[in-house]
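Observations on the model geometry
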Amino acid sequence: MNRSLCAAALAAAVSLSLAACSKLPGNTAGSDHADPTPASSGPSPEEKADQALMGKLNNYIECYNDVDRKIHAGIGPYTVWMKDPEAGPTGREERPIGPPDLTAGDLKLCDKALPEAIAAQPSLPELDKAAQGYLDALHALQPITHEAADYYQRDDYEDDGFARGKALHAPLMSAFGTFVEASGVFSDALDVANDRLQDSQLAKVEAQEGRTRNFYRLAIMRDAKALMDLMAEDNFDVTEARRRLDAFNAISDEAHAKVAEQEPGKLDWNSFERTAENFRRESKERLKRVAEKTPYSDIERRMLDTTMAPHGSPGKLMQEYNSLVFQSNRQ
């Protein structure tokens with residue numbers, strides 16, 4: 001389960017970066033520079049196609065970001081207190097923690113956004129199929145995780161000697177497994193579509209605006225994502241990781257020199273830069289741990305799939321990346 005959960009957490013981290021699409025060209029709200037191109041009678045066919053794709057992806061992204069991270073963040077705490085998560089609770093554990101609570105209301109956004117995106121043009125068969133599988137997995141998971149969350153929140157295990165907790169565990173873990181797989185497939189498909197759009201939009205921003213804050217934000221997030229994609233693996237290419245980290249450092253340093261002091265928005269940009277520095281430091285920790293083959297301690301190993309992930313782990317890097325994405329979306 002740990003390997004799947006690690007990939008799913010990265011998928012959540014990756015999914016959070018996609019939300020920045022709403023601030024790509026086509027939506028100039030909050031941009032430091034107006035579009036320098038003269039007014040025309042309307043968007044070109046190419047621009048219309050980009051806007052349609054952006055709208056479709058943003059519907060997918062809105063759902064994914066709304067529920068995915070919460071679910072993955074709750075799986076580790078639910079299993080970490082059990083001696084054998086495969087077998088489930090014995091009834092002798094102290095201070096058990098329930099699974100993430102997923103209510104029917106939590107799925108309202110996805111119930112609206114995903115069917116709309118699936119039906120929208122352009123048709124993306126692989127992504128659309130993955131989105132439907134993701135929605136199906138959410139609906140299969142929701143009732144059982146909500147029931148189990150209520151059971152633990154109400155301390156009902158004290159009254160029945162963990163009987164219901166034991167009965168719920170196997171089907172709950174099965175539903176989690178199905179969800180994690182569907183989440184990974186959906187995330188990978190979103191990743192491919194986003195990479196194509198992001199590369200296209202970054203080139204257009206540079207051509208239309210030059211190297212503005214908007215360009216640097218997108219470039220920094222592109223290079224941060226490249227690091228996440230590589231460093232999520234248990235054993236990655238250290239030489240390639242150093243190359244990608246050097247690229248991230250170079251674009252970050254260039255951005256600081258060119259746009260850090262600009263007004264308006266200096267304070268928000270400085271917050272983004274500080275978070276980028278935190279991500280850079282954690283990338284170095286991750287690179288160092290893998291390069292030096294530093295093993296996790298027993299305590300660290302138990303924390304890998306929790307919010308207390310140790311330095312140098314994929315989970316900790318993902319947390320810093322998610323913080324960077326949050327700051328990026330505020331720009």
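Definitions and cut-offs
Residues numbered from 1 in each chain as written. Predicted model: local features only at pLDDT ≥ 70, side-chain atom pairs only at ≥ 80, totals over all residues. Heavy atoms only, no water. Helix = DSSP H or I, 4+ residues; strand = E, 2+ residues; numbered from the N terminus. Buried < 20%, exposed > 50% of the residue type's maximum accessible area, 1.4 Å probe, protein only. Contact = heavy atoms within 4.5 Å. Areas by Shrake-Rupley, 256 points an atom, 1.4 Å probe, with all protein chains shown as cover. Phe/Tyr/Trp six-rings, centres within 6.5 Å; stacked < 30°, edge-to-face > 60°. pLDDT = per-residue confidence, 0-100. Axes fitted to C-alpha atoms, helices over the stretch in contact; angles between N-to-C directions. Parallel < 35°, antiparallel > 145°, perpendicular 65-115°, else oblique. Left-handed = near helix turned anticlockwise from the far one by under 90°. Nonpolar A, V, L, I, M, F, W, Y, C, P; charged D, E, K, R; others polar. Bend = angle between axes of the 7 residues up to and from the residue. Salt bridge = Lys/Arg side-chain N within 4 Å of Asp/Glu carboxyl O. Core = buried A, V, L, I, M, F, W, Y, C linked by side-chain atoms within 4.5 Å.

Attention now moves to the overall build of the protein. Across its full length, the protein holds 11 helices and 0 strands. Helices and strands in the protein line up, N terminus first, as α-α-α-α-α-α-α-α-α-α-α. For the protein, with 331 residues in total, the buried portion stands at 48%. Taking the intrachain contacts of the protein between residues at least 6 apart in sequence as the baseline, contacts between residues at least 24 apart amount to 81%. Of the accessible surface of the protein, which amounts to about 16,200 Å², a share of 51% is contributed by carbon and sulfur atoms.

Here we take up the packing of aromatic side chains. Under the criterion given, the structure shown has 18 aromatic pairs. Ring centres of Phe215 and Tyr216 lie 5.4 Å apart, and the angle between their planes is 75°; this geometry places the pair in the edge-to-face category. What makes Phe215 buried here is its relative accessible area of 4%.

Summarising the model, the protein shows a mean pLDDT of 85, and 88% of its residues fall at 70 or more. Contacts from residues 1-39, a stretch scored under 50 in pLDDT, to residues over four places away or in other chains number 84 contacts.

The linkage connecting Gln121 with the following residue, Pro122, adopts the cis geometry, with an omega of 5°. Among the secondary structure elements, Pro122 is positioned in the loop between α3 (108-119) and α4 (125-153). Cis geometry marks the peptide bond from Glu263 to Pro264, where omega comes out at 0°. Although it is not a glycine, Phe162 adopts a positive phi angle of roughly 70°. Summarising the element assignment, Phe162 is placed in the loop between α5 (157-160) and α6 (163-209). The phi dihedral of Lys293 falls on the positive side, at around 55°, and the residue is not glycine.

Here helix α7 (residues 213-231) crosses helix α8 (residues 238-259) at 165°, and the two axes come no closer than 9 Å. Taken together, α7 and α8 sit at an angle that is classed as roughly antiparallel. When you trace α7 past α8, the crossing you get is left-handed. Across the interface between the two elements, Arg213, Phe215, Tyr216, Ala219, Ile220, Asp223, Ala224, Ala226, Leu227, Asp229, Leu230 and Met231 from α7 touch Glu240, Ala241, Arg244, Leu245, Ala247, Phe248, Ile251, Ser252, Glu254, Ala255, Lys258 and Val259 from α8. Taken together, the residues that form the contact of α7 with α8 break down as 16 nonpolar, 1 polar and 7 charged.

This paragraph deals with the side chain of Glu320. In this fold, Glu320 is placed in helix α11 (residues 314-330). Ignoring any residue separated from it by four or fewer positions in sequence, one finds Glu320 in contact with Thr275, Asn278, Phe279 and Glu282.

It is worth spelling out α6 at this point. Considering bend angle alone, the principal kink of α6 is centred on His169 and spans about 35°; proline Pro171 follows within four residues of it. Positive backbone phi, at 85°, marks Gly210, one or two positions downstream of α6.

As a further point, take the environment of Asp268. Along the chain, the position of Asp268 falls in helix α9 (residues 266-291). A relative accessible area of 30% means that Asp268 is categorised as partly exposed. With 59 residues separating them in the primary sequence, Asp268 and Gln327 have C-alpha atoms 7.9 Å apart.

A full pass over the atoms with the stated rule returns 20 salt bridges. Glu94 is the partner of Arg95 in a salt bridge, and the nearest nitrogen-oxygen pair spans 3.9 Å. Across the pair, exposure class does not vary: Arg95 and Glu94 are exposed alike. Between Glu240 and Arg243 there is a salt bridge; the shortest N-O distance is 2.6 Å. Pair noted here: Glu240 and Arg243 are both in helix α8, with a separation of 3 residues, about one helical turn. Taken together, the shared-partner salt bridges connect Asp191, Asp195, Lys225 and Asp229 into one network.

Within the largest apolar cluster, 46 residues are counted, with the highest numbers of intra-cluster contacts made by Tyr134, Leu138, Leu141 and Phe186. Where this core is concerned, the elements lending two or more residues are α2 (45-80), α3, α4 and α6. Among the elements that make up this core, the one with the highest residue count is α6 (13 residues). Beyond its immediate sequence surroundings of up to four residues, Leu138 is in contact with Val67, Ile71, Leu102, Leu107, Cys110 and Phe179. Leu245, Phe248, Ala255 and Trp269 belong to the second-largest nonpolar core, a separate cluster that totals 33 residues.

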